[in-house]
Structures are given as C-alpha cells and as structure tokens.
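The chain contents come next:
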Amino acid sequence: MKLSQFKYNLPKDLIAKFPVENRDESRLMVLNRKTGKIEHRIFKDIIEYLNEHDVLVFNNTKVFPARLYGNKEKTGAEIEVFLLRELNREQRLWDVLVDPARKIRIGNKLYFGEDDVLVAEVIDNTTSRGRTLRFLFDGSYEEFKETLYRLGEMPVPKHILQREAVPEDRERYQTVYAKHEGAVAAPTAGLHFSKHLLKRLEIKGINFAEITLHVGLGNFRTVDVEDLTKHKMDSEQIWISDDAANIINKAKREQHNVCAIGTTVLRTLESSVTTDGFLKPYSGWTNKFIFPPYEVAVPNMLVTNFHLPLSTLLMMVCAFGGYDQVMDAYKVAIKEKYRFGTYGDAMLII
C-alpha cells in the first residue's frame, strides 16, 4: 500500500489536549470486523465484550520524565534535552536529542536546575539532533536518578497536544499498571484502564498477560516514503516472558479471545510467532512494521486510540481491522466528534 492512502482530513479541534476526568469514561467505538457494525459506548463497557478466560495483553512499560530544560555554558542559551536511553550506568552516559541542535557541539557543557545541580558534557554526535551526554554528578546512582527525574518533565507529545506538560501529566501520561521503566512515550490504549475496571475484569474471570515494549520516539516519526515497504521502523526493546506466552497460548488453544491493548502490544506479539501462530518467549529488539495487507497471527481483538493521518499507528490498525473498514470508521468518528490522539477516545476492534 501507499503512504497517501492513509491521509484523511482531521479537524484540529478533535485532537484531545487533556484526558477526560475519569480514565475509564472516555468514549469507545466498537467495530466488528465480520459484520462491519459500529457501536458507540463508554470505555468501561468493554467488559461486556469479553468472556471468562479471555486474555487481555498489556504493555507494562513505564514512562520516565524524559524532557529536560538546561542552559549552555557561556552563552546561557536555553536548550531542550530529550533523554532517549541510558547507555552506561556507571559512566552516566545517555543517548539524547537536543533542540536547537546546531549550537550544541562536542565538548559543550549544559547546566540543569537551580544552582546548576546537574551538569552534562556533550561527548558525541549521533544524528543531526542526536548527541551522547555524560552527566557529571557527585553522589550515588540513586541520587543522580532522583535528581534527573525531579528536573525532568513528562514527555507528552507537545507538537500533537499543542501545549506544554502540566503537573497532572505525571499521573495521567502513565498507565495504572506501569512497572518497567524505559519508555519515552506512553502506550496510549492502556491509559483508559482504571484500577476499578481492572478489578471488575478480574472478578469476571478475564485473564491478564503482561509484555514489555519500551516505546520510543519512532512512534511519532513521519513516514517520508510513498512506498511503505521502504520505510524503516526504529528498533524498540521488547520482553515476552514464559509466563505471558503460556497464558496467551493456552487461551488460543482453548479458543478464547486474545485482546491486544494497543499497537505496541500488537507489534510485540507479532514479533515472536511460531509457524503455527503461537507465541514464543523472547527478549531483544523489534523493528517490525505492520501495514496492510497483513495476516495477524496472535491476537483477535485490539484496543487502540484514534491515530493521526499518515502515522504508522494508523497503518497498523488498518492491518488488523481491514483498511476499508477502519478508514470508514474514522469518517464516522470525525462525524461523531470522537477525540483523537494521545489523550483521545478508544476503539475496540473485534
């Protein structure tokens, strides 16, 4: 398929700037793949579409406050530093993006916080905006991490939300089941689950499996080739435990539903499949790019948000739900004024 097939007109005012007050009370569009039928519900109604022994698969990655604001030595110019990943714990080396990048050269020092409590030295250029920083900090690793996170803010996608981060984002740009730190973007489909809803699902006999994919900035990267086979996804780190694989494979063998909570879960599951469609435990990296036509092997249900035009996330959803049906459902969503993007409403494809 071609990139231009994933273009549609999204009115700016439908991109949600803030989440709804209660996580599980955003709207839910339910799309039935077989019949094409669309229903309009509230997210907590998802329980009605699941039966005992069905499995929900969650991405338990945890977002860390990855956006820092500092000043360049001598000039005092303000620099935004976006932490991507820790490269070396002992040497406090981090892979980062800097903005504006043209003024940041190897050897420059950057200062963060009041009294310059944290200092970093630029030791390498990695890409046009990418740099390797060594943080200079007197104190234990725990104190260093605490300082880094106190100074950092939640990395909400400002370019999409058209606003700066606010204190509430620390809680709301994180799933209630987040465990393993390492993501610089939230797995947004999971933001709709409240602790109360999880408890109700558990009481109904729904099983949970957890995988980890540390969401990277590649999710927001624009596709700049018309021929989708030529697009390269960024690699992201994933873990599928024996336990998760066993829970999911048992459900598949007994013909219960397996529901992927978000495109990150879909990508993870499809990155480690046996020839007969079962899940293998795995620890490593994936750069799998899913777009139509694609035969999904593991999950048969998907919860996802409404994604922006031309995004790889929209392509993945179309691969799962069928291109025509999903694009038609998006037209309905716009007409019905569903909220789009990170803090938007949800869609359940069955």
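Analysis parameters
- Residues numbered from 1 in each chain as written.
- Predicted model: local features only at pLDDT ≥ 70, side-chain atom pairs only at ≥ 80, totals over all residues.
- Heavy atoms only, no water.
- Helix = DSSP H or I, 4+ residues; strand = E, 2+ residues; numbered from the N terminus.
- Axes fitted to C-alpha atoms, helices over the stretch in contact; angles between N-to-C directions.
- Parallel < 35°, antiparallel > 145°, perpendicular 65-115°, else oblique.
- Contact = heavy atoms within 4.5 Å.
- Nonpolar A, V, L, I, M, F, W, Y, C, P; charged D, E, K, R; others polar.
- Salt bridge = Lys/Arg side-chain N within 4 Å of Asp/Glu carboxyl O.
- Buried < 20%, exposed > 50% of the residue type's maximum accessible area, 1.4 Å probe, protein only.

A. Structural context of unusual backbone geometry. Cis geometry marks the peptide bond from Asp99 to Pro100, where omega comes out at -5 degrees. By secondary structure assignment, the location of Pro100 is in the loop between strand 7 (93-99) and strand 8 (109-112). In this structure, the amide linkage connecting Pro292 to the following residue, Pro293, adopts the cis form with an omega of -10 degrees. In this fold, Pro293 is placed in the loop between strand 15 (282-286) and strand 16 (301-305).

B. How the structure looks around the packing of helix 7 (residues 312-321) against helix 8 (residues 323-335). Look at helix 7 against helix 8: their axes get within 7 Å of each other, and the N-to-C directions meet at 120 degrees. With respect to helix 8, the element helix 7 is oriented oblique. Listed contacts from helix 8 to Leu314, Val317, Cys318 and Gly321 of helix 7 are Tyr323, Gln325, Val326, Met327 and Tyr330. Tallied by class, the residues present in the contact of helix 7 with helix 8 amount to 7 nonpolar, 2 polar and no charged.

C. Layout of the environment of Arg102. Among the structural elements, Arg102 can be located in the loop between strand 7 and strand 8. As for Arg102 and Tyr49, which are separated by 53 residues in sequence, their C-alpha atoms are 52 Å apart.

D. Molecular detail of the pattern of salt bridges. Counted under the stated rule, the structure contains 17 salt bridges. Among the salt bridges present, the one from Lys158 reaches Glu80, with a minimum N-O distance of 3.1 Å. Pair noted here: Lys158 is in helix 2 (residues 158-161) and Glu80 is in strand 6 (residues 78-88), with a separation of 78 residues, a long-range link. Per residue, the accessibility class of Lys158 equals that of Glu80, and both read buried. Note that Glu146 and Arg150 form a salt bridge whose closest N and O atoms lie 3.7 Å from each other. With Glu146 and Arg150 both in helix 1 (residues 141-151) and 4 residues apart, this pair spans about one turn of that helix. For Arg150, a relative accessible area of 47% puts it in the partly exposed group. The structure contains a network of salt bridges with shared partners spanning Arg67, Glu80, Glu153, Lys158 and Glu164.

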